[in-house]
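Single-letter residue listing:
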Amino acid sequence: MAVRMMNNKRVSVHTKTLTTEIWARAILDSFKKLDPRCQVRNPVMFVVYVYSGLVTVLFIQALFGKGESSAAFIGQVTAWLWFTLLFANFSESLAEGRGKAQAEALRNTRKQTKGKKLHQARHGSVFDLVSSTDLRSGEIVLVEKDDIVPADGEVIEGVACVDESAITGESAPVVRESGGDRSAVTGGTRVISDWIVVRVTASPGEGFLDRMIHLVEGAKRQKTPNEIALNILLSGLTIVFLLVCATLLPFSIYSIHMMGQGTAITMTALIALLVCLIPTTIGGLASAVGIAGMDRLLRRNVIAMSGRAVEAAGDVNVLLLDKTGTITLGNREAVDIIPVGNFNVNKVAELAQLASLTDETPEGRSIVVLAKQKYGLRGETSEDHKNFRFIPFTAQSRMSGVDMGEMKIRKGAHDAVTKYVQSLGGVVPPSLKDAVEKISKSGATPLVVSCDEQIIGVIHLKDVVKGGIKERFMQLRKMGIKTVMITGDNPLTAAAIAAESGVDDFLAEAKPEDKLKLIRDYQAAGEMVAMAGDGTNDAPALAQADVAVAMNTGTQPAREAANMIDLDSNPTKLIETVEVGKQLLMTRGALATFSIANDVAKYFAIIPAAFASTYPALGIFNIMHLGTPQSAILSAVIYNALIIMALIPIALTGVPYRPVGAAQLLRDNLLIYGVGGLLTPFMGIKLIDMILVALKVV
Amino acid sequence: MGADLRESEFSPSDKKWGTHEFHLFDRRYHHVRCVDLFDLHSVKRGTDVMIDMAWIQFSLYLAALIGLAKPLGVYMAQVYEGNIPHPMRWLSGLEKAIYQLTGQGKSEEMSWKNYALAMLTFNTAGFLFLYFLQRLQGILPLNPQGLPAVSPDSAFNTAISFVTNTDWQGYGGESTMSYLTQMVGLAVQNFVSAATGMAVLIALIRGFARKKMETVGNFWVDLLRSILYILLPLAVIWSVVLVSQGVPQTFDRSMTAIVVQPASTRVFSEAGPTKDAQGQIRAEQTIAVGPVASQIAIKQLGSNGGGYYNVNSAHPFENPTPLSNFFEVLAILLIPAAFCCTFGVMVKDRRQGWALLTVMSIIFAVFLVIGYSFESRPNPLIAQLGVDQPIGNMEGKETRFGVGESVFWATATTAASNGSVNAMHDSFMPLGGLVPLVMMLFGEVIFGGVGSGLYGMIAFVIVAVFVAGLMVGRTPEYLGKKIESFEMKMALVALLVTPFFVLSLTALALMTSAGKAGIFNSGMHGFTEVLYVFSSAANNNGSAFAGLAANNFFYNVTLGLAMFFGRYWIAIAMLAMAGSLARKQKIPASAGTLVTHTPLFIGWLIATIVLIVVLNYLPVLALGPVIEQLMLNQGMMF
C-alpha cells in the first residue's frame, strides 16, 4: 500500500504542473485535428465534417442574400456544427495530453545518453564512447557508477544498484546482477553504485523506452476489437440516419404538393437533424475513452502494450496468482517454537535465536523477534559473539546456523536437518514427525532446529496472508472471476493457505510447465486467463495467457512475453488491471446508450419545427414548447455540441466501477445512461431554447 | 395479397365501401349479412358484452398459442436434431428414399457458404420454375377457366413473391392463376419457401449450439425435414379443421350464379356485365371454388399469406366462421412462436427461448391493444353525421368477425410475415392502420415469418447484447459466444436492409410519375399506402393496404427487388453469422456474464427494438398515419 501512496503523490505533482500545458496543447490540437486526414478515421465525425462544410457554403450563399433561411440562423447552425467537431477533437487531445507530456519527459532522458562500448565482452577491456543511437543489438557496453544505461540489455557480468525512477517513478534503487531473474536492465535508467557489463538486446528505436514513448503518446494506437465492433454499430446507425434524412426531402416535397401549403424542408434543417441524430456523442468521445483507459493504467504504473490487452483484461474470468508476494507477504513469520524430546522450550528458543542473529532474511529476523517477545529472551546482537562463526543458507545444504566453538546449531528444512543429524550419528526423536506434520497441515512451514547431533525443536513458520486479500477475492467472485493460487508448496500447505485467503482453487507443487498446462486447460474450456510473472521460466506461460502482466523487475524474456508491464512490480495489481479493463468497456457502452437514447428528444425538437409550415398540426409534438422552429433546431444542435463537452469528464475518468455482478451493473447503468439519456436532452434543449429566446438570437 | 385490382375499378369516392358491397353478391354472405343487419338493433344494447368478448378472445388465443408453442417447439427440435419422435418415424423411410432419389445419399454437413449456396440454388430453381409456369399456363393442362399467360413483370413479381415467402399478390388469385399454377407452383412454394426460412434459422441456432465447428448442418436435410415432419402434418390437420368449417376442397370448375340485384355488377362481376338474348342486362357472378382448404392451411401455417381468393381470408369460402377464423389466426403465429422453444431446446437453455417468446408476446399484446382501442372507437366524421357506431369503426370489416377479430388478425398477420387479411387495413382508422404498418416495420421479428422471424429477432438480440454487454464491462457475449465485429456487421446488414429499401423505394415512388400514378388517395393517406406496400414487400410480409394499383411495371419491379433483397440479404447475413458463431469457443457463464433471460434483459431488448424502429421510421410515421389522424381530428379526411 505504501508503494501505491507514493505513486499517487508523484502523479498528483505531475498533474498540477502539467494541467495548464495539457489544456493549452489540447485546444491547439483540436484545431489541428480538423485536417480531413484526421477526420476520416472516425466515420461518424467525418459525416459531421462533410456537412459542416456544406452548411458553411449555405451560410456564404445566405450572406449574399440568396439563402434558404436568414444568414443569422444558418450562421449560428454552422458555428455550432464546427464546435461539435472541435469539442470532439478536444476530448481526444485532452486524453492524449498526459501521455504526450510523459512521452516528452521520457524522450529527454533518452537524448543525452552515451554508452561505453567494450571491445571485448569482459570487464576491464578497452571501450569507445559512442552515442546510444549507434548501439546495436548484441554489442557489449560497460555501465559504471553514475552512467545512464544506454540501451535495453542483459547483465552478463557484475552487480550494481540501479535507479529506475526515470521509468517507474520509484526512487528506491534495485539490484541488477548477471544470471538469474534480475539480469535485465532498461535503457534510460542510472547505475548508482558499482559497475555492470551489459549485452545490448534492443537496437535504437526498439527499446523498452521507445516502445513506452510510443504507447503513452498513443501514436501507434490501433483500434481494439470491441472498439471496431462499436464503430460498425455506430456507422450502421449513421447510414440509417443519412437515409432517413435524405428521404425526408422528397417526402416533404410530396406533402407540400398534397397539402398545397408550406415550403420544403430546408437543407439547413435536414443537416441539423442529421447531425443531431447520428451518434456524435459516443462517436466524438470514443477515441478519448480508449486513450483514457490506457492512461488510467499508466497512472497505476502499468504499461499496456496494446489497447487490446486492456480490453482483454476486462474479459478475464480466471486469475492465476502466485502465492508469494500476491496472496501472502513475501516472507514467512515465526509464530511458535515446539520443543522435541526432553528439551525446554526456552532453551530451544534461545538456541534458535542464536542461530538467527546474523540471518538477515525476514524469516531469520522474525525468529529473533519471536524469541524476544514470546519467550522474554534478551535481544542478543552479533557483536557479543565475535567468536561465533555463522553458516549462511545455501541451496545445497538448505540449512543455515552458527558454530559456537564446538557447538553447532543448525536450522533448516525437515529432511535436510534430519539427514545432517543422522550423518553426525544422531537419532531422530519420534515426536519430531508429529510436530512437523502438525505444522505442515496448518499450511505453515516447519523449520527444524538442531544442536550438534540432537534435534531439539521445530519453529513454526507461518505464511502471512496479506490483509484485505480475502475481501478482494470475494469481490472478484462477485464479478465472476475465479482465482487460482499457484505455489511450489506441497498440496497440504497450499490447501491451508488457499482456505485462509479464500481463493477458489490452487495448483500446488507447480512447475513452470504445469502453469502453462493449466492456462491451456482453462483456455480450452473457453476461459480467459490472466497471470502475473517475472522469471524467465514464467515466459511461456505469460505468452500463453490472455492477459500477462510482467513485473518490471523481471527478466527480459518475461517482459517480452507479457502484454503489460507493471512498473511497481506489484503482482496484486493484476486485480486493478481487470477493473480498469472493465471500466473501459462500461464507459463505451454507457456513452453509446446515452448517445442513442438522446435521439428521441431530438426528434421531438426538430420534426415539428422542420414541418411547421406544411403541417402546423404536428405542433402537438412540440412537447417541450420550444420558442420558434428556428430556435428549436438551433437548441438541438447546441445541445448536441455541448453534451460532448459535458461528458468529457466521464470519458476521461470512466464510469465508476463497483465490484458487483453483471445484473446489478446493467440495471444501474441502464437507469443512469439509458433513462437518463432519454430525459436529459428534453431538459437540456428546453433550457437552451429558453436562453436563445431570452437573448433573441433567432 | 392484393385487393388492388378490383379497387382500381372504384372511383376514390366508392372506396370507402370497400369489401362490403362485394359480398352482397355472394349468396352465402348475403345471408349472413341479412342476419347481422337484423341483429343490429340489439347490438346497440350488447356493445359492452361484445367488447368484453374481444378481450376474452384475445386471452384465449394467447393462451392457446403459448400452450401449443412448447410441445411443438420441443418436437421440432427433435426433428432437426435427427431424433424423429416415435409417432412420425414411419415417415423416415420416405425421407431416406428421397435422399437416395436425389442422389444425396449420406448427407454431409455443410459449411455456411455451401449451406447458403444450396439455399440460393434451390430458390433460384424455384423462381425460374414459377416464372415459366405462369408464362406458359395458357398451354398447360389443369386450366378449366382457360386463363391466359401472366404478363412478364407480373410473373416476375409473383415468382419472387412466392419464393421469398412474401406472397404479395399483385393480381386476383382466382381470376389469374390456373389450377396448375396454383397447385404445382404457388402451393408448392408455400411449403418450400417456408421450409427455406426454417432451414436458415436452424443453421443459425446450430451456430450458437456448436463450438469449434466449421459446419452448420445440411440444407437439403433441414429443408426436407421441415416439410415432411412439420409443415405437411400440420397442414393436413388444419385442412381437415377448415373443411369442417365449410371451406371448399374440390377440383370442379367455378360456378356461375345469377345475382339478385344486377345494378351493381359493374363493380363486382369477374366477367363483367353480359347481355342475354333479350338484350337485358343480366348480371352473372362467377363463384370460384377449387382446392381451397389445403392451400389456406399452408398459407396460414407457413407465414405465406397468399390467399386463394383475391380478398383473402375476408372471403367467406376462405374463412367462413369465427371458429375457422380462430384456427387460421392461430396458424399464423403457431410455428414462429414454437421456434422460440425449439431455439431454447437446441441451445440447451430453455429460458433463452422463453425470454424471446416473452419479448414477442409483450410487443404483440401492446400493439394489439393500441389497434383495438382505435378501431373500437367510432369514426368521428361518421359520428358527426349522426350515425351511431356502437361497435366501433366497421368500415372495411366483415360483420361476421367484427372489430375485435379484425384487429386481431391484422396485428397477427403483420406481426408474423403472413400478410393474409380478413379486413381491409386501408379502411382502418389512421392510427389503427398504423399498427399493422409498425408491426411490419419491426422487421417481421414479432413472431415473424416461420424461421425468418426468429433469425431477424436474433439480429436485434445481437445489438441489444452488444450494448448491454459493454455496460457490464465484458466483451459482449450471447449464449457463450463472443459478439465481435463480424457478428455486428451481419446483424446490422440484417437490420439495415429493410429500412434502406422501405425508405428509398417509397421516396422513389413519390418522386416519379410512374410511382405516383398508382396512388388513388389524395393527401397523406396516399403516402401511407405507398409506405405500407414497400414495408410489406421489403419485410416479406405480403400484406396489402390496398388503395394502390400495384400490378404495373413500376411496382412489380420495385416490389420484386424489395422482396428479393429483403429476404436473401438477411438470410445470407444470418448464415454467415451462423458460420462464424459455430467456429467460436463457448465461454462458460459466470457471475460476470450478462444474463439474457431475466426481466431486466427482456425489458432492455424490447426497448432496443422499439428504439431502433422509432429512430428509423418516426419521421415517415409522423408524415403518414400520425398526421392523418391529427387532421382527421380536425375534420379533414383523405
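Within each chain, residue numbers correspond to sequence positions counted from 1 in written order. Naming scheme: in the order in which they are written, chains are lettered from A and ligands are numbered from 1. Since the coordinates come from a predicted model, pLDDT governs what is reported: local features require at least 70, and pairs of side-chain atoms require 80 or more to be given and counted, while whole-chain, interface and lining totals use all residues. Just so you know, side-chain values use all the structure's heavy atoms and leave hydrogens and water out.

(A) Here's a closer look at the overall build of chain B. Scanning chain B from terminus to terminus reveals 23 helices and eight strands. Looking at chain B residue by residue over its 638 residues, the buried ones come to 65%. Within chain B, contacts between residues separated by at least 24 positions form 81% of all contacts whose residues are at least 6 apart in sequence. Accessible areas in this description were obtained via Shrake-Rupley with a 1.4 Å probe; residue shielding takes into account the shown protein chains only. For chain B, the exposed surface amounts to about 21400 Å²; the carbon and sulfur share of it is 67%. We count a stretch as a helix when DSSP gives it H or I for four or more residues in a row; a strand needs E for two or more, and each element gets its number in order from the N terminus. For every residue, the accessible area obtained with a 1.4 Å probe (protein chains only) is divided by the maximum for its type, and the residue is called buried under 20%, exposed over 50%, and partly exposed between those limits. Contacts are residue-level and defined by heavy atoms, with any inter-residue pair within 4.5 Å sufficient.

(B) Layout of the overall build of chain A. In terms of regular secondary structure, chain A is built from 24 helices and 20 strands. C-alpha extents for chain A along the principal axes are approximately 120 × 60 × 45 Å. For chain A, the residues scored as buried account for 56% of the 698 residues in total. Put simply, chain A shows about 28300 Å² of open surface, and 59% of that area lies on carbon and sulfur atoms. Counting rule applied: Lys, Arg positive; Asp, Glu negative; His and chain ends not counted. Charged groups are reduced to one reference atom each: NZ for lysine, CZ for arginine, CG for aspartic acid, CD for glutamic acid. Considering chain A, the positive charge centre built from 70 side chains and the negative charge centre built from 68 side chains are found 5 Å apart.

(C) Molecular detail of the interface of chain A and chain B. Contacts between chain A and chain B engage 59 residues on the former and 60 residues on the latter. Put simply, buried area is how much 1.4 Å-probe accessible surface two parts lose in total, over both of them, once they are put together. Three residues, Phe251(A), Tyr254(A) and Leu666(A), lead the burial of chain A against chain B; their summed loss comes to 14% of the area buried on that side. Basic side-chain nitrogens of Lys or Arg form a salt bridge, by our definition, when they fall within 4 Å of a carboxyl oxygen of Asp or Glu. Linking Asp315(A) and Lys482(B) is a salt bridge whose minimum nitrogen-to-oxygen distance equals 3.9 Å. Side-chain atoms alone can form a polar contact between residues adjacent in sequence; in general such a contact is a pair of N or O atoms within 3.5 Å, and within protein one must be able to donate a hydrogen while the other accepts it. Where chain A touches chain B, the interface holds eleven residue pairs in polar contact (both at pLDDT 80 or more). Those elements that provide at least two residues to the side of chain A that touches chain B are helix 7 (225–259), helix 10 (307–315), helix 16 (469–478), helix 18 (512–524), helix 21 (573–597), helix 22 (599–610) and helix 24 (662–695) of chain A.

(D) Region of the structure containing the pairing of strand 14 (residues 445–451) of chain A. All names here are of chain A. Of all seven residues making up strand 14, six are buried, and the element is well covered by its neighbours. Criterion used throughout: strands pair if DSSP finds at least two bridges between them. The pairing of strand 13 (residues 407–412) with strand 14 spans four bridges and is classified as antiparallel. Counterpart to isoleucine 409 in the pairing with strand 14 is cysteine 451. As paired elements, strand 14 and strand 15 (residues 454–465) share seven bridges and run antiparallel to each other. Within the sheet, the bridge partner assigned to valine 449 lies in strand 15 and is glycine 457.

(E) Expanded view of the packing of helix 12 (residues 345–356) of chain A against helix 13 (residues 362–375) of chain A. All names here are of chain A. It is the contact of helix 12 with helix 13, at a shortest axis distance of 9 Å, that shows an interaxial angle of 145 degrees. For helix 12 against helix 13, the interelement crossing comes out left-handed. Together, Val345, Asn346, Ala349, Ala352, Gln353 and Ser356 of helix 12 and Gly364, Ile367, Val368, Ala371, Lys372 and Tyr375 of helix 13 make up the contact between the two elements. Following the grouping adopted for this structure description, the nonpolar residues are Ala, Val, Leu, Ile, Met, Phe, Trp, Tyr, Cys and Pro, the charged ones are Asp, Glu, Lys and Arg, and the polar ones are all others, Gly among them. For the contact of helix 12 with helix 13, the class distribution of residues is seven nonpolar, four polar and one charged. Fitted lines through C-alpha atoms serve as axes, helices being fitted only where they are in contact, and the angles separating the N-to-C directions of these axes extend from 0 to 180 degrees. Crossings are sorted by hand: turned counterclockwise from the far helix by less than a right angle, the near helix makes the crossing left-handed, and turned clockwise it makes it right-handed.

(F) The arrangement of the pattern of salt bridges in detail. Residue and element names in this part refer to chain A. As enumerated under the stated definition, the model contains 37 salt bridges over all chains in all. The partner of glutamate 311 in a salt bridge is arginine 588, and the shortest N-O contact between them spans 2.8 Å. Taken together, the residues span a long stretch of sequence, with glutamate 311 in helix 10 and arginine 588 in helix 21 at a distance of 277 residues. An identical accessibility class is assigned to glutamate 311 and arginine 588; each is buried. We note a salt bridge from aspartate 336 to lysine 374, for which the minimum N-O separation is 3.0 Å. Highlighted residues: aspartate 336 in strand 10 (residues 328–339) and lysine 374 in helix 13, separated in sequence by 38 residues. Classification of aspartate 336 as partly exposed rests on a relative accessible area of 23%. Counted as one network, the salt bridges with shared partners bring together Lys33, Glu92 and Glu96.

(G) Structural detail: the sheet that holds strand 19 (residues 547–551) of chain A. Residues and elements named next belong to chain A. The seven strands lie next to each other as 8-20-19-18-9-16-17, forming an open sheet whose pairing is mixed. Taken across any chain shown, the strands that pair with only one partner, and hence form the sheet edges, are strand 8 (302–304) and strand 17 (505–507). Taken pair by pair, the neighbouring strands of this sheet meet at an average axis angle of 20 degrees, ignoring direction. With three bridges connecting them, strand 8 and strand 20 (residues 564–566) associate as antiparallel partners.

(H) Summary view of the environment of Leu505(B). Here Leu505(B) shows up in helix 19 (residues 485–511). Setting aside residues no more than four positions away along its own chain, Leu505(B) makes contact with Phe500(B), Phe534(B), Thr558(B) and Ala562(B).

(I) Up close: the nonpolar core. Residues Ile335(B), Phe364(B) and Tyr555(B) are the most contacted members of the largest nonpolar core, which totals 356 residues. Residue ranges for the domains originate in an automatic or database domain assignment. Residue assignment places this core across two domains, with domain 2 (62–252 + 290–347) and domain 4 (450–633) of chain B each supplying three or more. By convention a nonpolar core is built from buried Ala, Val, Leu, Ile, Met, Phe, Trp, Tyr and Cys residues, the set being connected through side-chain atoms within 4.5 Å. Membership of the second largest hydrophobic core comes to 25 residues, among which are Ala334(A), Ala349(A), Leu351(A) and Leu357(A).

(J) Up close: the environment of Ser635(A). Residues and elements named next belong to chain A. The residue serine 635 is located in helix 23 (residues 629–653) in this model. The exposure class assigned to serine 635 is buried, which follows from its relative accessible area of 0%. Residues serine 635 and isoleucine 691, spaced 56 residues apart in sequence, show a C-alpha to C-alpha distance of 9.2 Å.

(K) Examining helix 21 of chain A more closely. By this rule, a helix spans an expected 1.5 Å times one less than how many residues it contains. The first and last C-alpha atoms of helix 21 of chain A sit 36 Å apart over 25 residues, in line with the 36 Å expected at 1.5 Å per residue. Buried residues dominate helix 21 of chain A, accounting for 25 of its 25 residues.

(L) Quick peek at empty space enclosed by the protein. Residues and elements named next belong to chain B. Here a cavity denotes grid points, spaced 1 Å and computed from the protein atoms alone, that fit a 1.4 Å probe unable to get out, and a pocket denotes an open set having protein on both sides within 12 Å along at least 5 of 7 lines; residues with an atom within 4 Å of a point are the lining. Grid points are joined across faces, edges and corners, and a volume is the space filled by probe spheres set on the points. Here the structure, examined in full by the defined rule, presents 14 cavities of 30 Å³ or more. Empty space within the largest cavity amounts to approximately 270 Å³. Considering the residues around the largest cavity, the lining is formed by 29 residues, among which Gly443, Glu444, Thr498, Asn539 and Ile570 are closest to the centre. For the lining of the largest cavity, the elements supplying multiple residues, two or more each, are helix 18 (452–471), helix 19, helix 22 (553–583) and helix 23 (599–633). Tallying contributions element by element places helix 18 first for the lining of the largest cavity, with six residues. Looking at the lining of the largest cavity, its residues break down into 14 nonpolar, 13 polar and two charged.

(M) Region of interest: the packing of aromatic side chains. To pair, rings of Phe, Tyr and Trp, with the six-membered ring standing in for Trp, must have centres within 6.5 Å; the planes then decide the type, stacked if under 30 degrees apart, edge-to-face if over 60, and tilted in the middle. According to the stated counting rule, one finds 38 aromatic pairs over all chains in the structure shown. By way of ring pairs, the aromatic residues Trp55(B), Phe58(B), Tyr61(B), Trp238(B), Phe326(B), Phe327(B), Phe364(B), Tyr372(B), Phe408(B) and Phe447(B) are connected into one cluster.

(N) Quick peek at the environment of Ser431(A). All names here are of chain A. Mapping serine 431 onto the fold places it in helix 15 (residues 431–441). Judged by its relative accessible area of 33%, serine 431 is partly exposed. Taking C-alpha positions, serine 431 is 9.6 Å from glycine 457, a pair spaced 26 residues apart along the chain. Non-local contacts of serine 431, meaning those with residues more than four positions away in its chain, are made with Val340 and Gly341.

(O) Highlighting the pairing of strand 18 (residues 529–533) of chain A. All names here are of chain A. For strand 18, the buried fraction is high: five of the five residues fall into the buried class. Burial of strand 18 is two-sided: the residues Val529, Met531 and Gly533 facing one way and the residues Ala530 and Ala532 facing the other way are all buried. Two elements, strand 9 (residues 318–322) and strand 18, share three bridges in a ladder whose sense is parallel. Considered in strand 18, the bridge of leucine 319 is made with alanine 530. For a crossover, the right-handed case is the one in which the path from the first strand over the helix to the second runs clockwise, viewed with the strands pointing away from the viewer. In this fold, the crossover linking strand 18 to strand 19 by way of helix 19 (residues 539–544) has right-handed handedness.

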